[in-house]
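Inside the fold
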Amino acid sequence: MSGTVNKVIIVGNLGKDPEVRTSQSGDKIVNLTVATSDTWNDRQSGERREKTEWHRVTIFNERHAEVAANFLRKGRKIYLEGSLQTRKWTDQSGQDRYATEVVLPKFRGELVLLDSRQDGQGAPQRNTSQQPSGQNSQNNQQSYTGYDSSLNQRRGWDEGGSSDLSDEIPF
């Protein structure tokens with residue numbers, strides 16, 4: 001059947017910390033539980049109602065697995081894109097069992113952290129004791145954030161906007 005799409009987009013909150021395991025081939029696999037909620041007003045009682053759906057997510061993509069293992073914690077809001085897959089297995093009593101989950105395969109899928117870090121949760125720690133001598137804390141901060149404000153002066157830009165650059169515009 002051509003023209004079909006198997007794509008799932010979920011924006012929700014993690015129900016628990018990620019479960020990280022390693023396959024026999026050494027690949028990292030991460031399992032997540034994500035909650036999405038729908039709220040509405042009950043027509044009969046006028047009460048506010050809420051229904052929460054829980055989604056099982058498995059990440060096979062190595063980069064997404066690394067991000068999930070290092071930065072995701074219970075309660076974080078995330079955006080996921082993957083596909084639905086159903087697994088079948090036989091339990092110990094011989095019954096066939098099925099599980100449908102969202103899968104981020106090795107070479108596709110999307111994982112985006114939507115909320116900012118709270119109280120440094122999941123933030124990589126910087127060890128300033130390993131800085132080479134002669135570097136001050138300002139240089140350390142610049143290299144960590146990836147932005148060096150002194151580049152503006154070195155390249156002829158000034159923050160006051162008094163420089164007249166109209167002669168240098170090529171059009």
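Every chain begins its residue count from 1, and numbering advances along the sequence as written. With pLDDT at 70 or above as the cut-off, local features in this predicted model cover only qualifying residues; side-chain atom pairs require 80 or more to be listed or tallied, and sums for whole chains, interfaces and linings still use all residues. Computation of side-chain values: all heavy atoms of the structure, hydrogens and water removed.

Further remarks concern the overall build of the chain. The helix count covers DSSP runs of H or I at least four residues long, the strand count covers runs of E at least two residues long, and both are numbered beginning at the N terminus. Helix and strand content of the chain: 3 helices and 7 strands. Relative accessibility decides the category of a residue: with a 1.4 Å probe and only protein chains considered, values under 20% of the type maximum give buried, values over 50% give exposed, and everything between is partly exposed. Within the chain, the proportion of its 171 residues that are buried is 23%. Summed over its atoms, the accessible surface of the chain is roughly 12900 Å², and 45% of this surface lies on carbon and sulfur atoms. What sets the accessible areas is the Shrake-Rupley method with a 1.4 Å probe; for residues, cover comes only from the shown protein chains.

Residues belong to a common nonpolar core when they are buried Ala, Val, Leu, Ile, Met, Phe, Trp, Tyr or Cys residues joined through side-chain atoms within 4.5 Å. With 16 residues, the main nonpolar core has L32, V34, V57, I59, I78, L80 and L111 as its most contacted residues. At the level of elements, strand 1 (8-14), strand 3 (28-41), strand 4 (48-59), helix 1 (62-71), strand 5 (77-90) and strand 6 (96-104) are the ones that each hand at least two residues to this core. Excluding its chain neighbours within four sequence positions, the residues that come into contact with I59 are K28, I29, V30, L32, H64, A65, A68, L104 and L111. When checking whether two residues touch, look at their non-hydrogen atoms; a contact exists if any pair is within 4.5 Å.

Turning to the environment of A68, a few remarks are in order. Relative to the helices and strands, A68 is located in helix 1. Note on A68: relative accessible area 0%, which makes it buried. When sequence neighbours within four positions are dropped, the list of residues in contact with A68 reads P18, V30, I59, R73 and L111.

Note that T36 resides in strand 3. Polar side-chain contacts of T36 include one of 2.8 Å to the side chain of H55. If sequence neighbours within four positions are ignored, T36 has contacts with I10, V11, G12, K51, T52, E53 and H55. For this analysis, a polar contact is any N or O atom pair within 3.5 Å, provided that within protein one partner can donate a hydrogen and the other can accept it, and provided that sequence-adjacent residues contribute only side-chain to side-chain pairs.

The topology assignment puts T39 in strand 3. Each C-alpha atom, one on T39 and one on K51, is 6.5 Å from the other, the two residues being 12 residues apart in sequence.

This part covers the pairing of strand 3. As paired strands, strand 1 and strand 3 are joined by 2 bridges and run antiparallel to one another. Following the sheet pairing, L14 is matched in strand 3 by V34. We treat two strands as partners when DSSP finds at least two bridges between them. Bridge count for strand 2 (residues 19-22) against strand 3 is 4 bridges, and the pairing is antiparallel. By the bridge assignment, T22 is partnered in strand 3 with K28. Where strand 2 folds back onto strand 3 in an antiparallel hairpin, the turn is made up of 5 residues, including G26, whose phi is positive at roughly 95°. Sheet analysis places strand 3 next to strand 4, joined by 12 bridges and oriented antiparallel. By the bridge assignment, T39 is partnered in strand 4 with E50.

Turning our attention to a nonpolar patch on the surface. Residues with no salt bridge and a relative accessible area higher than 30% make up the patches, which join like charges within 9 Å and nonpolar side chains (Val, Leu, Ile, Met, Phe, Trp, Tyr) within 5 Å. Salt-bridge detection follows one rule: a side-chain nitrogen of Lys or Arg within 4 Å of a carboxyl oxygen of Asp or Glu. A surface patch of nonpolar side chains, amounting to about 250 Å² of accessible area, comprises I9, V11 and L114. Here V11 lies in strand 1.

A few words on the pattern of salt bridges. Under the counting rule described, the total for this entry stands at 11 salt bridges. For E47, the salt bridge identified is with R49, shortest N-O distance 3.8 Å. A residue is classified by how much of its surface remains accessible, and E47, at 44% relative accessible area, is partly exposed. Through salt bridges that share partners, D42, E47 and R49 make up one connected network.

In this structure, the hairpin formed by strand 3 and strand 4 is closed by a connection of 6 residues, where G46 is found at a positive phi of approximately 80°. In terms of strand pairing, strand 4 meets strand 6 through 3 bridges, oriented parallel. Among the inter-strand pairings, I59 is bridged to a residue of strand 6, identified as L104.

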